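Spelled out from the first residue to the last, the chains are:
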Amino acid sequence: MHLGATIRLLRVDAGLSLRDLARRIGVSSAYLSRVENGLDAAPTPERLSAIARELDVPPTLLMDVANRLSPFVAHYLEQVPGASMLFLEMARRGLSGPQLARVREFLDAEFPVRAVSGNEAPVPALAPLLAPERMVLRLTCTALEDALDVAAGRLVGACPGVSAPRLVAELKRREAEASSMVGNGVAVPHSFVEHAAPVAAVVTLAKPLQVETPDRLPLRMLVVLVGGERGRAHLVRLAHVARLASHGLAERLADEEQPHHLLARLTELEALR
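Scope of this entry: the structure provided in the associated data block. None of the values given here were measured: they were computed from a predicted structure. (Residues numbered from 1 in each chain as written. Predicted model: local features only at pLDDT ≥ 70, side-chain atom pairs only at ≥ 80, totals over all residues. Heavy atoms only, no water.)

1. Examining the pattern of salt bridges
Then comes step 1: Here the structure, examined in full by the defined rule, presents 17 salt bridges.
Then comes step 2: The salt bridge involving Asp56 is made with Arg232; its shortest N-O contact spans 3.3 Å. One end of the pair, Asp56, is in the loop between α4 (45-55) and α5 (59-66); the other, Arg232, is in helix α11 (residues 232-246), with 176 residues separating them in the sequence.
Then comes step 3: Residue class for Asp56 comes out partly exposed when judged on its relative accessible area of 31%.
Then comes step 4: Relative accessible area serves as the criterion here: at 27%, Arg232 is assigned to the partly exposed category.
Then comes step 5: The shortest N-O distance in the salt bridge between Glu89 and Arg92 comes to 2.8 Å. On the criterion of helical spacing, the pair formed by Glu89 and Arg92 is a turn pair, its members being three residues apart in helix α7 (residues 82-93).
Then comes step 6: The class for Glu89 is partly exposed, based on a relative accessible area of 26%.
Then comes step 7: Residue classification places Arg92 among the exposed residues on the basis of a relative accessible area of 60%. (Salt bridge = Lys/Arg side-chain N within 4 Å of Asp/Glu carboxyl O. Helix = DSSP H or I, 4+ residues; strand = E, 2+ residues; numbered from the N terminus. Buried < 20%, exposed > 50% of the residue type's maximum accessible area, 1.4 Å probe, protein only.)

Shown next as structure tokens:
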């Protein structure tokens, strides 16, 4: 997974220059540029937490994208060594996604999470933003622009007062600012429409597109987001999709042929995050 592409995507949408973010987290612009371009290893958990703080997203999202162990988890394992044995038992039993979801349901019922705030607030799910009519599965196309055209046609019904050509133009304009490719075969094109409620469309590709991606893997799936407000909720949503991509979103969903099957599998995947 290409963490740097996600950091750059969030940085641009947060309105921060490379120099601004580097200064805020106490590193050089050259170092941050190398991270964003995948030329340096993923930052330490502590530095990832600092980046997340400046981007106003939960640190755990960036930790997941980077496949880094959260300092919170590491500290917990130090304080409660028996917890590692529980993780080992789950791995030994090979618990599936639905089985892990049942474990989480038990934990939520028996040991509810204490109130959280700030960057650790719950992450809104992607599935509720989707609808079957906004899912285009196994699309055959030869260019990213074709997929954006199709997605805009499905989204425009949820964006009153906005034409499909305008929505396409907004998606392409944002794509020109910074690529929405987050790696693992996934892209997150997005745009803003004044007063529009957040909505999403999914486009999966019958044949992966050989376009420029941060990890050189072909594009298999687009999650297209439209919303009326910039800010934290939007950034968290982008980071959440990047996290899903790092956990095999395209591999799990790109071959689905029925919208309700795709939605069910997405809901299952999100239940584990």
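What follows picks up the thread again.
2. As for a nonpolar patch on the surface
Then comes step 1: A cluster of nonpolar residues, Val103, Phe106, Leu107 and Phe111, forms a patch on the protein surface that exposes about 380 Å² of accessible area.
Then comes step 2: Of note, Phe106 is situated in helix α8 (residues 97-110). (Patch = residues over 30% accessible without salt bridge, like charges linked within 9 Å, V, L, I, M, F, W, Y side chains within 5 Å. Areas by Shrake-Rupley, 256 points an atom, 1.4 Å probe, with all protein chains shown as cover.)

3. Some words on the environment of Leu167
Then comes step 1: In this fold, Leu167 is placed in helix α10 (residues 164-177).
Then comes step 2: Here Leu167 falls in the buried class, since its relative accessible area comes to 0%.
Then comes step 3: Along the primary structure Leu167 and Ala91 are separated by 76 residues, whereas in three dimensions their C-alpha atoms are 45 Å apart.
Then comes step 4: The residues touching Leu167, leaving out its near neighbours within four places in the chain, are Ala152, Leu155, Val156, Val162, Ser191, Val193 and Val226. (Contact = heavy atoms within 4.5 Å.)

4. Comments concerning the side chain of His234
Then comes step 1: Among the secondary structure elements, His234 is positioned in helix α11.
Then comes step 2: The exposure class assigned to His234 is buried, which follows from its relative accessible area of 7%.
Then comes step 3: The contact partners of His234, leaving out residues within four places of it in the chain, are Asp13, His190, Phe192 and Glu229.

5. Points about the nonpolar core
Then comes step 1: Within the largest apolar cluster, 51 residues are counted, with the highest numbers of intra-cluster contacts made by Leu62, Leu126, Val223, Leu249 and Leu266.
Then comes step 2: At eight residues, α11 tops the list of elements feeding residues into this core.
Then comes step 3: Once residues lying within four places of it in the same chain are set aside, the contact partners of Leu126 are Ala200, Val223, Leu225, His240, Val241, Leu244, Leu266 and Glu270.
Then comes step 4: Within the second largest apolar cluster, 27 residues are counted, among which are Ala151, Leu155, Ala187 and Leu205. (Core = buried A, V, L, I, M, F, W, Y, C linked by side-chain atoms within 4.5 Å.)

6. Comments concerning α7
Then comes step 1: The end-to-end C-alpha distance of α7, which contains 12 residues, comes to 17 Å, matching closely the 16 Å that a straight helix rising 1.5 Å per residue would cover.
Then comes step 2: Phi turns positive, to about 60 degrees, at Gly94, one or two residues after α7. (Expected span 1.5 Å × (residues − 1).)

7. Brief notes about the packing of helix α1 (residues 3-13) against α4
Then comes step 1: The contact between α1 and α4 brings their axes to 10 Å, and the two run at 25 degrees. The orientation of α1 relative to α4 falls into the category roughly parallel. The two elements α1 and α4 meet at a crossing, and its hand is left-handed. When α1 is examined against α4, the residues Leu3, Ile7, Leu10 and Arg11 are found in contact with a partner set consisting of Leu48, Ile51 and Leu55.
Then comes step 2: Here the residues of the contact of α1 with α4 sort into six nonpolar, no polar and one charged. (Axes fitted to C-alpha atoms, helices over the stretch in contact; angles between N-to-C directions. Parallel < 35°, antiparallel > 145°, perpendicular 65-115°, else oblique. Left-handed = near helix turned anticlockwise from the far one by under 90°. Nonpolar A, V, L, I, M, F, W, Y, C, P; charged D, E, K, R; others polar.)

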